[in-house]
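Architecture and fold: a report
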Amino acid sequence: MRRRNLLFNRTGLLILACALFLLVRMESDMIISDLINKINSLSGYVSSRKEEGITTRGIINQYMPVVGYVDSHYIETDYLTDPSYDYETRIEYIDLDETSNIQEENTEEEYIKNANMEEENEKKANSDSHEANTLAIQSPVKFQRSELNDFDSLINRFYTVTSITELKEDKFDVSAALDQDMTIQGDNSSPQILIFHTHSQEAFADSVEGDNSTSIVAVGARLAEILSSQYGYNVIHDTSVYDYVDGVLDRSKAYTYAEQGIQNILEQYPTVEVVLDIHRDGVSEDVRLVTDINGKPTARMMFFNGISYTKVNGDIEYLKNPYIQDNLAMSLQMYLLGKTYYPDMLRKIYINGYRYCLHFRAKSMLIEVGAQNNTLEEELNAMEPLADMLNRLFTGEKAYE
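Notes on the structure follow. Computed from a predicted structure; not experimentally measured. (Residues numbered from 1 in each chain as written. Predicted model: local features only at pLDDT ≥ 70, side-chain atom pairs only at ≥ 80, totals over all residues. Heavy atoms only, no water.)

Focus: the overall build of the chain
Of the regular secondary structure elements, the chain holds ten helices and 15 strands. Sequence-distant contacts, at least 24 apart, represent 85% of the contacts inside the chain between residues at least 6 apart. (Helix = DSSP H or I, 4+ residues; strand = E, 2+ residues; numbered from the N terminus. Contact = heavy atoms within 4.5 Å.)

Points about helix H7 (residues 216-229)
In this model H7 runs 20 Å from its N-terminal to its C-terminal C-alpha over 14 residues, within 8% of the 20 Å that 1.5 Å per residue would give. Of all 14 residues in H7, 13 are buried; the element is thus mostly enclosed. (Expected span 1.5 Å × (residues − 1). Buried < 20%, exposed > 50% of the residue type's maximum accessible area, 1.4 Å probe, protein only.)

Quick word on the environment of lysine 320
Examined against the element boundaries, lysine 320 turns out to sit in the loop between strand S13 (314-315) and helix H9 (324-341). In the structure, lysine 320 is positioned 13 residues away from isoleucine 307 in sequence and 9.1 Å away in space, judged by C-alpha atoms. Here glutamate 317 takes part through its side chain, which lies 2.6 Å from a polar atom of the side chain of lysine 320. (Polar contact = N/O pair within 3.5 Å; in protein donor to acceptor, adjacent residues only side chain to side chain.)

Observations regarding the pattern of salt bridges
Scanning all chains against the criterion turns up 14 salt bridges. Across the pair arginine 288 and glutamate 378 runs a salt bridge, and its minimum N-O distance is 2.9 Å. One end of the pair, arginine 288, is in the loop between strand S8 (274-281) and strand S9 (290-293); the other, glutamate 378, is in helix H10 (residues 376-394), with 90 residues separating them in the sequence. No difference in accessibility class separates arginine 288 from glutamate 378, as the two residues are buried. When the shortest N-O distance is used, the salt bridge between arginine 392 and glutamate 397 registers 3.0 Å. A cluster of three or more residues bridged by salt bridges with shared partners is formed by Arg222, Glu225, Lys296 and Glu384. (Salt bridge = Lys/Arg side-chain N within 4 Å of Asp/Glu carboxyl O.)

As for H10
Three or four residues apart is the spacing at which side chains of an α-helix point the same way, because the helix has 3.6 residues per turn. In this model H10 runs 27 Å from its N-terminal to its C-terminal C-alpha over 19 residues, within 8% of the 27 Å that 1.5 Å per residue would give. Across the 19 residues of H10, 16 count as buried, placing the element largely inside the fold. Two residues or fewer after H10 comes glycine 396, characterised by a positive phi angle close to 90°.

Remarks on the pairing of strand S5 (residues 235-238)
Of the two faces of S5, the one lined by Val235 and His237 and the one lined by Ile236 and Asp238 are each fully buried. As judged from the three bridges shared by strand S4 (residues 193-196) and S5, these two strands associate in the parallel manner. Bridged to isoleucine 193 within S5 is valine 235. For the crossover from S4 across H7 to S5, the handedness is right-handed. (Pairing = 2+ DSSP bridges. Right-handed = clockwise from strand over helix to strand, strands pointing away.)

Details of the nonpolar core
Counting 66 residues, the largest nonpolar core has Tyr159, Phe172, Ile193, Leu223, Leu276 and Leu336 as its most contacted members. Val245, Tyr354, Tyr356 and Leu366 belong to the second-largest nonpolar core, a separate cluster that totals 26 residues. (Core = buried A, V, L, I, M, F, W, Y, C linked by side-chain atoms within 4.5 Å.)

Quick notes on the packing of aromatic side chains
Scanning the model with the defined rule gives eight aromatic pairs in all. Considering the side-chain rings of tyrosine 255 and tyrosine 356, the 5.4 Å spacing of their centres and the 70° angle between planes classify their relative orientation as edge-to-face. Here the residue tyrosine 255 occupies a position in helix H8 (residues 254-268), and tyrosine 356 occupies one in the loop between strand S14 (349-352) and strand S15 (363-371), the gap between them amounting to 101 residues. According to the relative accessible area criterion, tyrosine 255 is buried, its value standing at 1%. Chaining the aromatic ring pairs together yields one cluster made of Tyr255, Phe304, Tyr350 and Tyr356. Here arginine 392 stacks its cationic end above the ring of tyrosine 341, 3.6 Å away from the centre of that ring. (Phe/Tyr/Trp six-rings, centres within 6.5 Å; stacked < 30°, edge-to-face > 60°. Lys NZ or Arg CZ within 6 Å of the ring centre and 35° of its normal.)

Side note on the side chain of glutamine 372
Relative to the elements of secondary structure, glutamine 372 occurs in the loop between S15 and H10. Of the polar contacts made by the side chain of glutamine 372, one reaches the side chain of glutamate 285; its length is 3.0 Å.

Structural notes on the side chain of threonine 198
With respect to the element layout, threonine 198 can be found in the loop between S4 and H7. Within the local environment of threonine 198, its side chain forms a polar contact with the side chain of aspartate 277, the two groups lying 2.6 Å apart. Those residues in contact with threonine 198 that lie beyond four places of it in its chain are Tyr242, Asp243, Ala254, Tyr255, Ala258, Asp277, His279 and Cys357.

Here's the deal with unusual backbone geometry
Although it is not a glycine, serine 308 sits at a positive phi angle of roughly 50°. Note that serine 308 resides in the loop between strand S11 (301-306) and strand S12 (309-310). Here the phi dihedral of tyrosine 356 falls at roughly 60°; this positive angle occurs in a residue that is not glycine.

Brief notes about a negative patch on the surface
A surface patch of negative charge is lined by Asp150, Asp152, Glu169, Asp170 and Asp173. Relative to the helices and strands, aspartate 152 resides in helix H5 (residues 151-158). Note on aspartate 152: relative accessible area 54%, which makes it exposed. (Patch = residues over 30% accessible without salt bridge, like charges linked within 9 Å, V, L, I, M, F, W, Y side chains within 5 Å. Areas by Shrake-Rupley, 256 points an atom, 1.4 Å probe, with all protein chains shown as cover. Lys, Arg positive; Asp, Glu negative; His and termini not counted. Charge placed at Lys NZ, Arg CZ, Asp CG, Glu CD.)

Set out below in structure tokens:
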């Protein structure tokens, strides 16, 4: 999205108001660079929403929750340095011989995420009046390697890149990504996969407040169960709370706290090769992220990459990630597998400028499953095709030839 000039009209006043809102919440040594990032993001969002015919008042009502999203997806400083946070790790170790029973229920939360660049396409693709009816394809037609070689075409086709960052060939070697081996190397005698939730309080349309069996935690538990019982992987499900501190929902440091927990788990279980952060997205209420797979209403998904790079700052040195290329390779190969077997299930891969918790292992993913207005049933149903995609990836299958 091209950068637009800021004018002193109603849009400019909106941006100024939001900038002041952010200003009072930020530490002094971060103010200038982060404020520019967020104003650029806000500017692009305002412009795109006005092009869709939404009034300035409507934008104000929609955007203020987005400010919280920008903050919650930003890791403030070095991790492991906050003495006020005393977390208690809660690990569910999925025994291969005794998988837990997962209740299929639900929770609630009014947390709307940042500018959804695909929103109009989602409305058309997911309206309640004509939901897609998709069967898992048994004899798929694979992508041709030659059609994936055009970098600009691939980015336009498969990616949504936020306005604060950019994805270029010097950051993302597509050919190497397609060649990369994604198989799990170790056997299942020791933990192989870690599933956790930076935002464990994320919930759904029919969730019960405070009941983890109806929140995103239940979705992660279902995925852990399927990967273990059906595919034989050794899975750890971390149900620790990283975004609810001292009885208060606080997303501003959730990634920092999550890093502390993940590091401790990986030190205890160094055989873990795969780290999956399972979320749900936040969209406008008139957008429905649902399709039908094998006769089941199923939440659509989005793979999310952070590349530790913004247009203003360049590479963010204090958010180093040695696995950016590996992370991008994993999400691309997963996306191609998903589009091959479940064509309507995946949204475009989302690229943002920060790091999140993707730097501990080469095989790391942040996965957004549905949104706040999906039901828990739709979310749980999505874990079957997701587990299938992951298993295909981890056993070396490629969706191109």
